[in-house]
Amino acid sequence: EDKVVQSPLSLVVHEGDTVTLNCSYEVTNFRSLLWYKQEKKAPTFLFMLTSSGIEKKSGRLSSILDKKELFSILNITATQTGDSAVYLCAVGDSGNTPLVFGKGTRLSVIA
Amino acid sequence: DVKVTQSSRYLVKRTGEKVFLECVQDMDHENMFWYRQDPGLGLRLIYFSYDVKMKEKGDIPEGYSVSREKKERFSLILESASTNQTSMYLCAGGERDGLNQPQHFGDGTRLSIL
């Protein structure tokens, strides 16, 4: 059975800190790993990674995939209170099955 | 980007009622999904559909059914609502063909069954 595990489950940091969120996975035929941010409503798509070692970046957020060690990290630098959210990781395989989601990491950024 | 619209943000129903949750996507994509999200349990897939009139069970289909009569609309049906179906329900549309592609979510329906 495919599995996606995120750590930590929750995290509290101060504004300006840098945080690293982790996502490890076990899938039969890996194809893609996706990161989402969920504030009060719907999860919004951040990144999709398919190749090992290639960093995806958007402003203060960046993510990288290690297909050999089966994990990805999401980095947020110079955190702001607006970064407070649940961050979800999802993995897709090459078969005809839907994405498998982890339970998420709840990030709280305090002023 | 795919835009996904769920018909209700909040809904309160009674035990035993038949409940319909509606979802519409504005792009011509095949894949649509229904999830429920509960604290500590994350997102759990109820049903998905990869084409009109096609449906597949997800991880927790019991007590639910779905309808996909048109490509843009995917409905979730609670045949006889029970209190353990109180939850946040999220609909998603697939960005491109292929189930491993990004999904775009509606704002969710917070359903309370009394």
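Below is a summary of the structure that appears in this document.

Reading guide: rules and limits
Within every chain, residues take consecutive numbers counted from 1 along the sequence as written. Each chain is given a letter, starting from A, and each ligand a number, starting from 1, according to the order in which they appear as written. Local features in a predicted model are, by the rule used here, given only for residues with pLDDT of at least 70; side-chain atom pairs are given and counted only at 80 or more, and totals for whole chains, interfaces and linings are based on all residues. As a rule here, side-chain values come from all non-hydrogen atoms in the structure, and water together with hydrogens is ignored. Throughout this description, buried means an accessible area under 20% of the type-specific maximum (1.4 Å probe, protein chains only), exposed means over 50%, and partly exposed covers the range between. Strands are runs of DSSP state E lasting at least 2 residues, helices are runs of H or I lasting at least 4, and numbering of each runs from the N terminus. Strand pairing is assigned whenever DSSP detects at least two bridges linking the two strands. Only buried Ala, Val, Leu, Ile, Met, Phe, Trp, Tyr and Cys residues count toward a nonpolar core, and they belong to the same one when joined by side-chain atoms within 4.5 Å. For this analysis, residues touch if any pair of their heavy atoms sits within 4.5 Å. Put simply, a disulfide is two cysteine sulfurs that come within 2.5 Å.

## Some words on the pairing of strand β9 (residues 73-78) of chain B
Residues and elements named next belong to chain B.
Point 1. Along β9, 5 of the 6 residues are buried, which leaves the element largely enclosed by surrounding structure.
Point 2. With 3 bridges joining them, strand β3 (residues 19-21) and β9 adopt antiparallel strand pairing. Considered in β9, the bridge of Val19 is made with Leu78.
Point 3. One ladder, built from 5 bridges, connects strand β8 (residues 64-70) with β9; its direction is antiparallel. Pairing of Lys70 across the sheet is with Arg73, part of β9.

## A look at the nonpolar core
Point 1. Counting residues in each nonpolar core, the largest one holds 22 residues, and the members touching the most others are Tyr25, Phe30, Leu33, Trp35, Tyr87, Val91 and Leu107 of chain A.
Point 2. Every element with two or more residues in this core is listed here: β3 (19-26), β4 (30-38), β5 (43-49), β7 (61-66), β8 (71-76), β9 (85-93) and β11 (105-110) of chain A.
Point 3. The contact partners of Val91 of chain A, leaving out residues within four places of it in the chain, are Val4, Tyr25, Val27, Phe30, Ser32, Leu33, Leu99 and Val100 of chain A.
Point 4. Ranked by size, the runner-up nonpolar core spans 20 residues in total, among them Val4, Cys23, Val66 and Leu111 of chain B.

## Examining unusual backbone geometry
In most cases, non-glycine residues show a negative phi, while peptide bonds are predominantly trans.
Point 1. Cis geometry is found at the peptide bond from Ser7 of chain A to Pro8 of chain A, where omega equals -10 degrees.
Point 2. Relative to the assigned elements, Pro8 of chain A resides in the loop between β1 (3-7) and β2 (10-14).
Point 3. The residue Leu70 of chain A is not glycine, and still its phi comes out positive at about 60 degrees.
Point 4. Positive phi, normally seen in glycine, also occurs at Lys53 of chain B, with a value near 65 degrees.
Point 5. As for its position among the elements, Lys53 of chain B is in the loop between β6 (42-49) and β7 (56-57).

## A look at the state of the cysteines
Each disulfide consists of one covalent bond between the sulfur atoms belonging to two cysteines.
Residue and element names in this part refer to chain A.
Point 1. Tallied over the entire structure, the rule returns 2 disulfides over all chains.
Point 2. Two residues share a disulfide in this structure: Cys23 and Cys89, whose sulfurs sit 1.9 Å from each other. Of note, the bridge from Cys23 to Cys89 carries an S-S torsion of about -70 degrees and is left-handed in sense. Of this pair, Cys23 sits in strand β3 while Cys89 sits in strand β9; the two residues are 66 residues apart in sequence, bridging distant segments of the chain.

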